[in-house]
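Read off the chains here:
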Amino acid sequence: RELYWAAGLTDVAECGRPFAGVGVESVVLVVCKGRPPPAVRIVDLGPDGAARVVAETPTAAFGRLPNRNFSTRLDEGTLRVLRRLEHAPRRLGDVAAVLTRGLECGKRDRAVRRFRPGPELRPLVRGQDVHRYRLDDPALGFDPAAASPRVLKDPAVYDASPKILLRRVAPAVMAALDVERRWALNAVYCLVPRPGISPRALLGVLNSSVPSFWLRAVFLSDDRLFPYLRLSQL
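Keep in mind the model is a prediction, meaning the values are calculated, not measured.

Brief notes about helix α7 (residues 209–219)
Piece 1. For α7, the complete set of buried residues consists of P211, S212, L215, A217, V218 and F219.
Piece 2. Directly after α7, the chain includes L220, whose backbone phi takes a positive value near 50°.

Right, here's the structure in full:
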């Protein structure tokens, strides 16, 4: 937590995927003894190994990010927008009565079946079924009677209507309104707004460019290999 003051952070270098056959991206932090300089250089390391300084960010800006993240997106224009968003009067947690992951299981769970209308199966939403402002027709169903107790949470969360379903694995926020009391797998987040909060208005905010911009700038959430959104980030 105190790396900024225990050592002087001078450079944050985004290296992409520097190793052949390895899909995980890499970042190099460069520090020096003593207090940090007034600005940190944001460096892009190209395929040829050449380092290119793409921005210089005030050192204090890193300490103001959630979890004191080392973001490589903090150029002057981005910082101006983030400073404005810091003064937003409400956070998502202020307007959500419930924000939780779906059923603690995947598509191969014993309670997951091919969907057919009937009282025993609840229509089930997979991550791939969630798009901006729309849900695909259910391909799978969930049988609560066949489920392990560790899989189930409070059924009232899934039966809530209206609620907002958010795709967990995505490079940007993708949210859709559910008014059919669908249940959801663990690749989907379920959001029930607080009383007095318009679900449709909140859906419009979530699907706008602003939350996705903030997530990319602060958490680098557009990772091509593992582009998923954490509950803590939302």
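Topic: the environment of L135
Piece 1. Within the secondary structure layout, L135 lies in strand β9 (residues 134–135).
Piece 2. For the pair formed by L135 and V218, sequence separation is 83 residues and the distance between their alpha carbons is 28 Å.

Quick word on the sheet that holds strand β4 (residues 51–58)
What links the strands of a sheet is backbone hydrogen bonding, and the strands pair in either a parallel or an antiparallel sense.
Piece 1. Strand order in the open sheet made by the four strands is β2-β1-β3-β4, with mixed pairing throughout. Looking at strand neighbours, the two that pair on one side only are β2 (26–32) and β4, the edges of this open sheet. The sheet shows a mean angle of 20° between the axes of neighbouring strands, direction not considered.
Piece 2. Relative to strand β3 (residues 39–45), strand β1 (residues 8–16) is paired through four bridges, and the arrangement is parallel. Within β3, the position partnered with A13 by the bridge is V43.

Details of helix α6 (residues 199–207)
A turn of α-helix holds 3.6 residues, and therefore any two residues three or four places apart point the same way.
Piece 1. Buried within α6 are the following residues: P199, L202, L203, L206 and N207. Buried positions in α6, seen along its axis, are confined to an arc of 130° and lie on one side of it.
Piece 2. Elements in contact with the buried residues of α6: α4 (92–95), β11 (163–167), β12 (175–178), β14 (188–193) and α7.

Here's the deal with a nonpolar patch on the surface
Piece 1. On the surface, F19, V22 and V24 cluster together into a nonpolar patch covering about 280 Å² of accessible area.
Piece 2. On the secondary structure map, V22 appears in the loop between β1 and β2.
Piece 3. In this structure V22 comes out as partly exposed when scored by relative accessible area, which is 41%.

Remarks on the environment of P37
Piece 1. Within the secondary structure layout, P37 lies in the loop between β2 and β3.
Piece 2. Of the residues examined, P37 reaches a relative accessible area of 24% and is grouped as partly exposed.
Piece 3. On a C-alpha basis, the gap between P37 and K107 in space is 50 Å, while along the polypeptide they are 70 residues apart.
Piece 4. Excluding residues that lie within four positions of it along the chain, P37 makes contacts with G8, L9, T10 and T59.

Conventions adopted
All chains use their own residue numbering, which begins from 1 and follows the written sequence. Local features in a predicted model are, by the rule used here, given only for residues with pLDDT of at least 70; side-chain atom pairs are given and counted only at 80 or more, and totals for whole chains, interfaces and linings are based on all residues. Side-chain metrics rest on all non-hydrogen atoms present in the structure, leaving aside hydrogens and water. Each residue is placed in one exposure class: buried if its accessible area under a 1.4 Å probe, protein chains only, is under 20% of its type's maximum, exposed if it is over 50%, and partly exposed if it falls in between. The way it works is that DSSP assigns letters per residue, a run of H or I at least four long becomes a helix, a run of E at least two long becomes a strand, and they are numbered from the N terminus. DSSP-based pairing: two strands are paired if at least 2 bridges between them are found. Axis angles are defined between N-to-C directions and span 0 to 180 degrees, where every axis is a line fitted to C-alpha atoms and, for a helix, only to the segment in contact. The directions considered for the arc are those from the helix axis to the C-beta atoms. Residues are treated as being in contact if the distance between any of their heavy atoms lies within 4.5 Å. Patch definition: residues with relative accessible area over 30% and no salt bridge; like charges joined within 9 Å; nonpolar side chains (Val, Leu, Ile, Met, Phe, Trp, Tyr) joined within 5 Å. Calculation of accessible area relied on Shrake-Rupley with a 1.4 Å probe; when residues are assessed, cover is drawn exclusively from the protein chains displayed. Each reported salt bridge corresponds to a side-chain nitrogen of Lys or Arg within 4 Å of a carboxyl oxygen of Asp or Glu.

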